Structure formats: structure tokens, C-alpha cells
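Commentary on secondary and tertiary structure
One-letter residues, chain by chain:
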Amino acid sequence: QKKGLGLFPQLPPRGVLHCRGRRACVFLRTRQMAVHMVAEVMLSDDPYIVFYRTCACVLGWCLVRLFLSHAFFGGSVVHGTKCTAAIQAALQACAVCWVVTHDPHIAPLYWAMLGFQLGDADLVNIPSPAIAFLSTLAAGEFGMQLLHMRAWFEKPSDVVMVAHHLLCLVLWPMNVANGRGLFFIAVFLTYEVSTPFLMALFFDAVKNSNLPRVIIGTVFTLTFVLVRLGTLPSTAVAAYKAIATDFPSSRLPWWYVGQYATIMFYVERVTGCLPLLLNAYWGQLVVRAYFGEVVKALSADPNAATKMAKAA
């Protein structure tokens, strides 16, 4: 080997190689520990971690709302809140679509539920780290909405929305910590597929333009009817089975005994059907409002049917 001619690569001394190898091992080990800690924090069902994770999600969505309000809407709180809700719903819709098609615990039961083929399956004690995280993420967004309630609370019927947000904020993290009801939370999160289109109808760029309003309003109504009302009968049957049957589990946490277990027994049975009743109530409002708009458009313009067909 001729030194300095560049004919052969110069190998570093053996001690340098050993040092670099140790550094690489330490780096890889540190990275693996960091990934494990992040996964533990995001997916854990430990009650303390669930509580702090929910609080962090509330704070995170508040910061997102603050950024959107000042960056795009001139400081408008209500516009930032609606936009944040649309973003959260879009993320949840994408994530829960993966859950109901790939999660080994949730996916088989979800499609069996839609086909009324659940049999005696345990629907209450289903584990799902993905839903454990997504439920606290959604609860955080509900908490953000409640903190900015003065910006969007306009009519007495909004009390129903406040009650919905409050119950989800309190009960969903409790379900994660208890390890119960995650299957039904997954079903309820699929309802978020229609929410981005609902939020889009709030903005002036959509409300004041006929074509976007017709398209987005139609898509919202179709997704609402398909995902929320179309699955209502099968979800009601599944909820009845879960309420009427006491599914024992060896995965229950140590505190799920005594008076706490008794209280949660009645809480689960009282609140288990509330989302179904709310969606039935909201569904008839959505359908009536859509057909009311269609009738109004047809009565105001004889050629409206042709225009709407072309727009669709």
C-alpha cells in the first residue's frame, strides 16, 4: 500500500473502531428506550398516564386553536375552534378507518357487528392500544371545545352538545383506565367521518357559494346517514348485548372492585345507549334540514333540480 496516493482506503485504528461501535450501540439503545417510553406514554392505560395524557391533549388542541385563529382567521376564536374540530375529526376518521380494518381485536368484531353475527362475543373487555390513544385525543379536543364554549354556544339546543362533550371528556379516559368499552368507543369514533364536512359548512367561503355548499352539504348528509344512522340498528343490538350480559374479565384493574365497580356498573348501563339516542336525534335534524334546503331551492328556481344534478 502506497501511503498518500489514495489507491487504498485508510482504515482507522482498531481502538477507534471499537469506540465508534460502542457509541453506535449506546445511540441505538437510547433511541430504542426513547421510542419505548413514547409508546408507553401514548398507548398506556395506566390511570395516571391516561389523566396526564388527556390534559396534554386538551392543552395541545388549545394551542392548535390559538395558532389557527391568529394565523388564518384574524384572531377569531369560533373560526379557530371549528377549524380545529375539523382537523381533529379528519385525523380521527383516518385513524379509526385503519383500526376497523387492521386492529386484530376491533376489526373482526366491528364487521361481525355490522352483519349481526356477534354471537356471544365479549364486547366490553376488548383491549386496543390504538383506541386507548385515540379516545384520549378526542377527549382532549372535547375539552378544548368546552373551554371555548362561549364562542360557539348560541342556542338552547347547544346544551345537548355541551353534555355530549362533557360526558366524553370524563367517561372515555375512565373507560381507557378501566379497560372496558373500547370497542364501542371505536364505533363512536367512526362517526367522525362526517364531522369535517359539517365544520366546512360553517365557513363563509362555503356558506356564501352555492356550488360548494350543495356539494359539501350533500356529502355531509350522505356520510352522516351511512356511517351514523346506517350502523345504528347493529350498534343498538351490540349495546343491548353488552348491557344485558355481565362479561367477567381477568384484565380488570385492581381498583375495579367494591363500590367503584358498582357505580361503574350503573354508569355503563345508563350511558351506553346515549350516543345512539343522540345520533338518532341529530340524524332526523340533519335529514329534515337537508330536504328542507332542497325543497326551498326547487321552489325558488324551477331549474334548480337540473343545476343540483349537474353540481353533484
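Here the focus is the overall build of the protein chain. If you tally the helices and strands in the protein chain, you get 15 helices and 0 strands. Expressed as a percentage of the 312 residues in the protein chain, the buried residues total 38%. Considering only contacts in the protein chain between residues 6 or more positions apart, those separated by 24 or more positions represent 72%. A total accessible area of about 18,100 Å² is found for the protein chain, and carbon and sulfur atoms account for 70% of it.

Moving on, we come to the packing of helix H4 (residues 106–114) against helix H8 (residues 182–189). If you want to describe how two helices pack, look at the angle between their axes and the distance between the axes. Following both chains from N to C, one finds H4 and H8 inclined at 65 degrees, their axes separated by 11 Å at the closest point. Here H4 is positioned roughly perpendicular relative to H8, judged by the angle of their axes. Every pair of crossing elements has a handedness; the one defined by H4 and H8 is right-handed. Along its contact with H4, which presents Ile-106, Leu-109, Tyr-110 and Met-113, the element H8 presents Leu-182, Phe-183, Ala-186 and Val-187. For the contact of H4 with H8, the class distribution of residues is 8 nonpolar, no polar and no charged.

So, about the environment of Met-161. Looking at the secondary structure, you find Met-161 in helix H7 (residues 158–178). According to the relative accessible area criterion, Met-161 is partly exposed, its value standing at 28%. Spatially, the C-alpha atoms of Met-161 and Leu-146 are 9.6 Å apart, while their sequence positions differ by 15 residues. Excluding anything up to four places from it in sequence, Met-161 contacts Trp-152 and Trp-282.

For the rest of this paragraph, the subject is H7. For H7, built from 21 residues, the straight-helix expectation of 30 Å at 1.5 Å per residue is met to within 8% by its first-to-last C-alpha distance of 30 Å. For H7, the principal kink sits at Cys-168 and spans about 25 degrees. Residues Asp-158, Val-162, His-164, His-165, Cys-168, Leu-171, Trp-172, Pro-173, Asn-175, Val-176, Ala-177 and Asn-178 constitute the buried set of H7. Where H7 ends, the next residue or the one after it, Gly-179, has phi of about 70 degrees, a positive value.

This paragraph deals with the nonpolar core. Formed by 42 residues in total, the largest nonpolar core has its most connected members in Ile-131, Trp-172, Phe-183, Phe-184 and Leu-189. Residue assignment for this core shows that the elements contributing at least two residues are helix H2 (47–72), helix H3 (77–102), H4, helix H5 (129–147), H7, H8 and helix H12 (232–244). Excluding its chain neighbours within four sequence positions, the residues that come into contact with Phe-183 are Ile-106, Leu-109, Tyr-110, Met-113, Leu-123 and Ile-126. The next biggest cluster of nonpolar side chains, apart from the first, holds 5 residues, and it includes Phe-220, Phe-224, Leu-278 and Trp-282.

Moving on, we come to the packing of H5 against H8. In the contact formed by H5 and H8, the axes pass within 10 Å of each other and the chain directions differ by 55 degrees. The orientation of H5 with respect to H8, classified from their angle, is oblique. Handedness of the crossing formed by H5 with H8: left-handed. Facing Ile-131, Leu-134, Ser-135 and Ala-138 of H5, the residues of H8 in contact are Leu-182, Ile-185, Ala-186 and Leu-189. Here the contact of H5 with H8 is composed, by residue class, of 7 nonpolar, 1 polar and no charged.

For Thr-221, the position within the fold is in helix H11 (residues 210–229). In this structure Thr-221 comes out as buried when scored by relative accessible area, which is 10%. Contacts of Thr-221, omitting those with residues within four sequence positions, involve Val-286 and Tyr-290.

With that settled, consider the confidence of the model for the protein chain. When pLDDT is averaged along the protein chain, the result is 86, and 85% of the positions lie at 70 or above. Here helix H15 (residues 304–311) stands out as the least confident element of the protein chain, with mean pLDDT 51; H5 is the most confident, with 96. In this model, residues 1–8 is a region of pLDDT below 50 whose contacts with residues beyond four sequence positions or in other chains number 3 contacts.

Rules behind the numbers
- Residues numbered from 1 in each chain as written.
- Predicted model: local features only at pLDDT ≥ 70, side-chain atom pairs only at ≥ 80, totals over all residues.
- Heavy atoms only, no water.
- Helix = DSSP H or I, 4+ residues; strand = E, 2+ residues; numbered from the N terminus.
- Buried < 20%, exposed > 50% of the residue type's maximum accessible area, 1.4 Å probe, protein only.
- Contact = heavy atoms within 4.5 Å.
- Areas by Shrake-Rupley, 256 points an atom, 1.4 Å probe, with all protein chains shown as cover.
- Axes fitted to C-alpha atoms, helices over the stretch in contact; angles between N-to-C directions.
- Parallel < 35°, antiparallel > 145°, perpendicular 65-115°, else oblique.
- Left-handed = near helix turned anticlockwise from the far one by under 90°.
- Nonpolar A, V, L, I, M, F, W, Y, C, P; charged D, E, K, R; others polar.
- Expected span 1.5 Å × (residues − 1).
- Bend = angle between axes of the 7 residues up to and from the residue.
- Core = buried A, V, L, I, M, F, W, Y, C linked by side-chain atoms within 4.5 Å.
- pLDDT = per-residue confidence, 0-100.

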